[in-house]
Amino acid sequence: MRLQNLLDKLEGEESRFAGRELLAPVLRGQKVAVKIAGVVCQLRVDNNSFQGWAVLQSQDVDSAKFLREAAKRETQKYLELLPAVRLIAIARDEKDKTLWHVLPAQQGDGRFALKKPAPLFLCSETVQSFATVIARFDGGRFWFERVEARRSPALAAYLREQMHAQTAPEKLHKKGLSAEEKTAYGWLWREAEKARALSKEEREAARLQKALSHADGQLISYIERSGVYTVTYRVGQRMLTSVVRQDDLTVVTSGICLSGQDRDFDLTSLVGVMREAERKHRFDYEF
């Protein structure tokens, strides 16, 4: 197809797309991908607080209006259009409780070659570590559908008990465990061993660096006192110091002017704000 014909087709599809209702998985603060005339477009959703399955109304090829949360039957119909895959839940994300990291439950499934844990989005509260789950793949992400009912929950419970007891993978003895479940256990056990090998100071430094690195910040140093950390870090070319709570890293004092809204941020979101301010050359320091 000639370029002009393709552009004419896309323009026609765009005009018909505006005002349509569509069902889509929404991740908080992120855009929703849709395909128009074979071209993937990113829609900005007007509800920044919602996360889950939603019914949206397209405004144009760049934005969509949140109408309501999708019903379970609507979500199920959407998921059934996508290829299914069996996965093993390994570890839940520290911040997003609906996000789990997973490994394959069937290594022979040639459609998906996972060399390391992959994210599984919009999981229900019923998911526990080592549970086998059914997910759907949309070409870019895995979406949770359900916990696999045919797999005995006693196997996952056994693995959780052994992990709590710090049992080495080679000492697992439970009839019915699959090779994939043993692989998943081994991966999580090695990660736990690495964490146990770190001193408290190293663990906290790693935790702070992880929070900072989400927005490309770099930890310089930190001081612990009375339930807070005074954290010195670098954002771009600037060195900054903020005070955050130890338990959840929410901001006590940001070190920049946030019009009294310091406590609305945690360390990660604060660095994101600073990074954006640096791009726009609008840094206002508190003294």
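Our structure is the block above this text.
Residues numbered from 1 in each chain as written. Predicted model: local features only at pLDDT ≥ 70, side-chain atom pairs only at ≥ 80, totals over all residues. Heavy atoms only, no water.

Novice: So what about the packing of aromatic side chains? Which residues, and what values?
Specialist: Counted by the stated rule, this structure contains seven aromatic pairs. Ring geometry for Trp53 and Tyr78: centres 5.1 Å apart, planes at 65°, overall edge-to-face. Within this pair, whereas Trp53 is found in strand S4 (residues 52-58), its partner Tyr78 is found in helix H2 (residues 72-79), the two being separated by 25 residues in sequence. An angle of 40° between the planes, with centres 4.7 Å apart, marks the rings of Phe137 and Phe142 as tilted. We classify Phe142 as buried; its relative accessible area is 5%. Above the plane of the ring of Phe121 lies Arg141, whose end atom (NZ or CZ) is 5.1 Å from the centre. (Phe/Tyr/Trp six-rings, centres within 6.5 Å; stacked < 30°, edge-to-face > 60°. Helix = DSSP H or I, 4+ residues; strand = E, 2+ residues; numbered from the N terminus. Buried < 20%, exposed > 50% of the residue type's maximum accessible area, 1.4 Å probe, protein only. Lys NZ or Arg CZ within 6 Å of the ring centre and 35° of its normal.)

Novice: Explain the sheet that holds strand S9 (residues 132-137) to me, and be specific about the residues and the numbers.
Specialist: Strand order in the closed barrel formed by five strands is S6-S7-S8-S10-S9, with mixed pairing between adjacent strands. Adjacent strand axes in the sheet meet at a mean angle of 55° when their direction is disregarded. Where strand S7 (residues 100-104) lies against strand S8 (residues 118-121), three bridges are found, and the strand directions are antiparallel. Note that in S8 the partner of Trp100 across the bridge is Leu120. Across the sheet, helix H4 (residues 179-197) is in contact with strand S6 (84-92), S7 and S9; its angle to S6 comes to roughly 25°. (Pairing = 2+ DSSP bridges. Axes fitted to C-alpha atoms, helices over the stretch in contact; angles between N-to-C directions. Contact = heavy atoms within 4.5 Å.)

Novice: Any details on the sheet that holds strand S11 (residues 217-225)? Residues and values, ideally.
Specialist: Backbone hydrogen bonds are what pair the strands of a sheet, in a parallel or an antiparallel way. Ordered by their spatial adjacency, four strands build an open sheet running S11-S12-S13-S14, and the pairing between neighbours is antiparallel. Both edges of this open sheet fall to S11 and strand S14 (251-253), since each of them pairs with a single strand only. Shown here is a sheet whose adjacent strand axes are inclined to one another by a mean of 35°, direction ignored. Together, S11 and strand S12 (228-235) form the strand contacts of helix H5 (residues 200-213), whose direction differs from that of S11 by roughly 135°.

Novice: A description of the side chain of Ser129 should follow, citing residues and the corresponding values.
Specialist: Examined against the element boundaries, Ser129 turns out to sit in the loop between S8 and S9. Using a relative accessible area of 18% as the deciding quantity, one classes Ser129 as buried. In this view, Ser129 contacts Ala89, Ile90, Trp100, Ala156 and Arg160; residues no more than four positions away in its chain are not counted.

Novice: Tell me about H2, and please be specific about residues and values.
Specialist: Among the residues of H2, those classed as buried are Glu74, Thr75 and Leu79. An end-on view of H2 places all buried positions within 135° of arc, on one side of the element. Opposite the buried face of H2, by more than 90 degrees, sit the exposed residues Arg73 and Lys77. If you follow the buried residues of H2, they end up packed against strand S1 (21-26), S4, strand S5 (63-69), S9 and strand S10 (142-147). (Arc of directions from axis to C-beta.)

Novice: Summarise helix H3 (residues 153-164); cite the residues concerned and give the values.
Specialist: In this model, H3 (twelve residues) spans 17 Å end to end at C-alpha, consistent with the 16 Å of a helix rising 1.5 Å per residue. Taken residue by residue, H3 has Leu155, Ala156, Tyr158, Leu159, Gln162 and Met163 as its buried positions. Seen along its axis, H3 keeps its buried residues to an arc of 155°; they face one direction. Facing away from the buried side of H3, by more than 90 degrees, are the exposed residues Pro153, Glu161 and His164. Downstream of H3 by a residue or two, Gln166 has a phi angle that is positive, lying close to 60°. (Expected span 1.5 Å × (residues − 1).)

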